[in-house]
Amino acid sequence: MQRALDWLYRNRWPLVIVLGAFLVRLHWNLLVHPLGDYVSSDMKGYVSRADQMIDKFGVPNEYHAFFPYGTHFLLALIKALFGKDNFAAIGVAYALMGTGIVAYAYRIAERISPHKWVPPLLGTLLVFYYPLISLGGYTLSEIPFGVFMMASMFYLVRLVQEGKTRDAWLTGVMAALATACRPQILLSIALFGLAWLVYRKAMPKVRWRHLVYAGIPLIAVLGFSAARMHHHTGRLGLVSENGKFNQLFGRCHNKKASATPTEPGRGKIRFGPPPLIQLEKRAKTAPRSWVQLEPALGPELEYRGYIADAKALDALMAKCVRKTGFLGQVKYAIVNVLLLAGYNTPWPDSGRDLWRPRAIWWQGMYTTFVTLPVVLGLVTLFMRRTIASHGLIAMHVLALMITAAIYFGDTRLRAPYDPLLLLLALEVYVFVGLWAWRHGKALWARRRARRA
């Protein structure tokens, strides 16, 4: 009993924070914002693909290969276990995953921050962090991807610090699951591999064998993904086919794109990223702003063929590159990265009058207080003494910025990384505060000495 009480006392903060995070998210998902009441647009797509997977398991469906499959696989599993229309079970599952994001963020902060009060502060912020709570109320990929990404980050930090084989395997498994939800984590993995080659002496406990162990689950998932892609489409590929389609918006800055099929049985598909649609409105609200949409070939583009037709998409992007030139593409890339920090309200809340004011307020707080310290925190990537701690967070930040520059930025797509970004921002604030305190004390002491 005494040992149990000692354990409870030592872990009082993480236990209170995890319990609080779960209760807040459970209340939101079941009572305030039930997931079953918001099944439309992208949410409806994930739910319908999960239902089709249950009803026609194994039957090829070309459109199932357009999006990453991890989220609708997860929804299909929950539906198979608890009932196809049991959105309460889905709400509980999303609450648990959202709580997992908070728990892993706390543990990462414990291992990275030299200040004992930073993990409880970060955890308390995340308990009530509306952007992640809100996204947990929709059947979207942000929360599943976020929990697997945060788990892989935690085990990676522990691997770097302790060098245990178990953590190499766990890092690989969690990164592989995150890849199935969103392949963008592959860039973070590549950046870590590059950093390890350059700063091997700063991470002496990470060996070649650890990279091999971590790579095995990832290769297995990519192999399964390629086989699944061929099964559904007959084409070669990895996790999904929407990469080139999303790249069209990054190179042309069109707000919408429509694909008109040439083969029978295929329907016309029209899609537009919410951040670019919102960015178009700046021509009226802020006409002199440097941050504008400025589409290369017009705000809406159309092409003949399937939505993932690589030849048609490449032809359109080539026209956009010729029209804008190199400097125009550089501006597009910069604007895309800026969209991670602001200039758009996270969707789906942006389209709902009841939740839009809250989303705007929280986004404003992030833009004002988090963006600059996170950018300053990127310097930890280039310092040997920080590359194995804060630099690991900065790798995710850099990967996120590169991904946005290539495709397009979105405050919603940034949200799964927010726990890491908040931690990095807190550490920068602490560093600057301590530096100012020490130099202020020294300056005050010199002035007093002169007076004396």
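Read on for an overview of the structure. Just so it is clear, the model here is predicted, and its values are computed rather than measured. (Residues numbered from 1 in each chain as written. Predicted model: local features only at pLDDT ≥ 70, side-chain atom pairs only at ≥ 80, totals over all residues. Heavy atoms only, no water.)

Overview of the state of the cysteines
The tally for this structure, following the rule as stated, stands at one disulfide. Between Cys252 and Cys320 runs a disulfide, and the two sulfur atoms are separated by 2.0 Å. Around the S-S axis, the bridge from Cys252 to Cys320 shows a dihedral of about 105° and counts as right-handed. Residue Cys252 is found in helix H12 (residues 242-252), and its partner Cys320 is found in helix H15 (residues 310-338); the two are separated by 68 residues along the sequence. On the basis of relative accessible area, Cys252 is assigned to the buried category, the value being 1%. (Disulfide = S-S within 2.5 Å. Helix = DSSP H or I, 4+ residues; strand = E, 2+ residues; numbered from the N terminus. Buried < 20%, exposed > 50% of the residue type's maximum accessible area, 1.4 Å probe, protein only.)

Some words on helix H5 (residues 87-112)
Along an α-helix, residues three or four positions apart point the same way, because every turn accommodates 3.6 residues. With 26 residues, H5 extends 37 Å from end C-alpha to end C-alpha; this agrees with the ideal 38 Å at 1.5 Å per step. Burial runs high along H5: 19 of the 26 residues are buried. (Expected span 1.5 Å × (residues − 1).)

A few points about empty space enclosed by the protein
Within this structure, the stated rule accounts for one cavity of 30 Å³ or more. Around the largest cavity, the lining comprises 15 residues; the ones closest to its centre are Pro131, Ser134, Leu135, Pro346 and Asp349. For the lining of the largest cavity, the secondary structure elements donating two or more residues are helix H7 (130-135), helix H16 (356-369) and helix H19 (411-414). Each residue belonging to the lining of the largest cavity can be placed in one class, and the counts come to eight nonpolar, three polar and four charged. (1 Å grid on protein atoms, 1.4 Å probe; cavity = no way out; pocket = protein on both sides within 12 Å on 5 of 7 lines; lining within 4 Å. Points joined across faces, edges and corners; volume = space filled by probe spheres on them. Nonpolar A, V, L, I, M, F, W, Y, C, P; charged D, E, K, R; others polar.)

Considerations on the pairing of strand S3 (residues 300-304)
For a regular strand, side-chain orientation follows a simple rule: the groups alternate between the two sheet faces. The side-chain alternation of S3 yields one buried face, formed by Leu301 and Tyr303, and one unburied face, formed by Glu300, Glu302 and Arg304. Relative to S3, strand S1 (residues 256-260) runs parallel, the two sharing five bridges. Within the sheet, the bridge partner assigned to Ser258 lies in S3 and is Glu302. (Pairing = 2+ DSSP bridges.)

Concerning the side chain of Arg282
In this fold, Arg282 is placed in helix H14 (residues 282-285). Buried charged residue Arg282 carries no salt bridge. Nearest counter-charge: Glu294, at 10 Å. With residues near it in sequence (within four places) discarded, Arg282 still touches Pro287, Ser289, Val291, Gln292 and Tyr343. (Lys, Arg positive; Asp, Glu negative; His and termini not counted. Salt bridge = Lys/Arg side-chain N within 4 Å of Asp/Glu carboxyl O. Contact = heavy atoms within 4.5 Å.)

Brief notes about the pairing of S1
Across three bridges, the pairing between S1 and strand S2 (residues 269-271) is antiparallel. By the bridge assignment for S2, Ser258 is matched with Arg270.

Digging into the side chain of Asp418
With respect to the element layout, Asp418 can be found in helix H20 (residues 418-451). Reaching out from Asp418, the side chain makes a polar contact with the side chain of Arg414 at a distance of 2.8 Å. With residues near it in sequence (within four places) discarded, Asp418 still touches Tyr129 and Tyr366. (Polar contact = N/O pair within 3.5 Å; in protein donor to acceptor, adjacent residues only side chain to side chain.)

Observations concerning the layout of surface pockets
Considering only enclosed or pocket space, the largest pocket measures out at about 1300 Å³ in volume. Along its surface, the largest pocket is lined by 48 residues, and Phe67, Pro68, Asn242, Asn246 and Phe408 are the ones closest to its centre. Looking at the lining of the largest pocket, the elements with two or more residues in it are helix H3 (41-55), helix H10 (185-198), H12, S2, helix H13 (274-280), helix H18 (390-406) and H19. Sorting elements by how many residues they give to the lining of the largest pocket places H3 first, with seven residues. Of the residues belonging to the lining of the largest pocket, the class tally is 27 nonpolar, twelve polar and nine charged.

Quick notes on the packing of H12 against H15
Taken N-terminus to C-terminus, the directions of H12 and H15 make an angle of 45°; their axes are 6 Å apart at the nearest point. What the angle tells us is that H12 and H15 run oblique. As for the relative orientation of H12 and H15, their crossing is left-handed in sense. Residues Lys244, Phe245, Gln247, Leu248, Gly250, Arg251 and Cys252 of H12 lie in contact with H15, whose contacting residues are Ala310, Leu313, Asp314, Leu316, Met317, Cys320, Gln329, Tyr332, Ala333 and Asn336. Taken together, the residues that form the contact of H12 with H15 break down as ten nonpolar, four polar and three charged. (Axes fitted to C-alpha atoms, helices over the stretch in contact; angles between N-to-C directions. Parallel < 35°, antiparallel > 145°, perpendicular 65-115°, else oblique. Left-handed = near helix turned anticlockwise from the far one by under 90°.)

Geometric descriptors of this kind do not, in isolation, establish any biological role.
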